[in-house]
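# Remarks on the overall topology
Read off the chains here:
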Amino acid sequence: MVTFSQAFYTIKNNLAPIYGEREAAAIAHEVTLHITGKDKMERLMLKDQQLTDLQQRVYDASLQRLIAGEPMQYVIGSAWFMGKEYFVNKEVLIPRPETEELVDWIVTDHARSAAGLTILDIGTGSGCIPISLKSLIPEATVTSCDISTGAIETARLNAERLKTEIELIQLDFLNEELRNKLGIFNVIVSNPPYIPITDRDSLQPHVRDHEPGLALFVPGSDPLLFYKAIAIFGKEHLSPDGAIYCEMESTYAQECETLFKIEGFGTVTVKMDMHGNWRMLKATLA
Ligand code: GLN
């Protein structure tokens, strides 16, 4: 049986070549906390304590998966988003901090006059966007759709765990006939897949080999495919005073902005994320 301290250092030393010293230490802390239930300070005081039989088994399995390059969030089965903990698994994308900024934008724009507000989120994943929106704007009615049944199930678990009532619909948004059955919304939000499958090799291995292809890749070679579908849908399904909010890859920011303008959106605003990358867009018809 290894001790608390040995567990931490073994994880850290094995991951340092993959992630660098600092990130390896951060991951090792999270994983050791998950296995032992003890935080950094408690573990420091108990550093020679041995793992129990069960903890040792979890540790052995976790270490193998981490060394194989699997993201820490999948190994421990959870990730944080806007101060709340979400179940994550291979069916869903790991929520990203950039997406928190997108949610923040919507909350800033709508929380004060939210009576009767209807929100549609396209591409549910873990449910991080719709669940955060519902908990931060409780008056809103929030609907979210995803093509993946695994994602819908995961989001349902998260909605229950975080006690939020949202409507989840399994639906292929690229199917025009199906998506047109959706109603009219004041807010449409999406962090859609935008990586052309032809760029697959340029992705970091821990993303490429472990996160769900359905959530990352656009079918075909057009990175704007989903934005086009969202813009076309928005023209029919956005209330006259409504707004579309999308997350995007900074390389395509300009093209996305142009696309929404060409589709007839009167005002299109593009915003940077905390890293200074053009990351999100807001489009209104007026
Ligand atoms: N909305 C989810 C997220 O931002 C899933 C996005 C996706 O699957 N492309 O994490």
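Presented here is a report on the structure given in the accompanying data block. (Residues numbered from 1 in each chain as written. Predicted model: local features only at pLDDT ≥ 70, side-chain atom pairs only at ≥ 80, totals over all residues. Heavy atoms only, no water.)

## Some thoughts on the packing of aromatic side chains
For any pair of aromatic rings, the description consists of the separation of the ring centres together with the inter-plane angle of the planes. Using the criterion set out here, one finds 5 aromatic pairs in the structure. Plain terms: the ring middles of Phe81 and Tyr86 are 6.2 Å apart, the flat faces sit at 85° to each other, and that makes the pair edge-to-face. On the numbers, 5.6 Å between centres and 80° between planes, the contact of Trp105 with Tyr245 is edge-to-face. With a gap of 140 residues between them, Trp105 in helix H6 (residues 97-110) and Tyr245 in strand S9 (residues 238-247) connect regions that are remote in the sequence. A single burial state applies to Trp105 and to Tyr245, both of which are buried. In this structure, Arg161 is placed above the aromatic ring of Phe87, and the distance from its NZ or CZ to the ring centre is 3.9 Å. The side chain of Arg179 reaches across the aromatic face of Phe173, ending 5.3 Å from its centre. (Phe/Tyr/Trp six-rings, centres within 6.5 Å; stacked < 30°, edge-to-face > 60°. Helix = DSSP H or I, 4+ residues; strand = E, 2+ residues; numbered from the N terminus. Buried < 20%, exposed > 50% of the residue type's maximum accessible area, 1.4 Å probe, protein only. Lys NZ or Arg CZ within 6 Å of the ring centre and 35° of its normal.)

## Quick word on the pattern of salt bridges
Where charged atoms of side chains with opposite charge meet at close range, the side chains can pair. Under the criterion given, the structure shown has 10 salt bridges. Glu21 is the partner of Lys12 in a salt bridge, and the nearest nitrogen-oxygen pair spans 3.0 Å. Classification of Lys12 as buried rests on a relative accessible area of 14%. Among the ionic pairs, Arg161 bridges to Glu85, the shortest N-O distance being 3.7 Å. Here Glu85 lies in strand S2 (residues 84-87) and Arg161 lies in helix H8 (residues 149-161), a separation of 76 residues in the sequence. On the accessibility criterion, Arg161 (31% relative accessible area) is partly exposed. In this structure Glu85 comes out as partly exposed when scored by relative accessible area, which is 27%. (Salt bridge = Lys/Arg side-chain N within 4 Å of Asp/Glu carboxyl O.)

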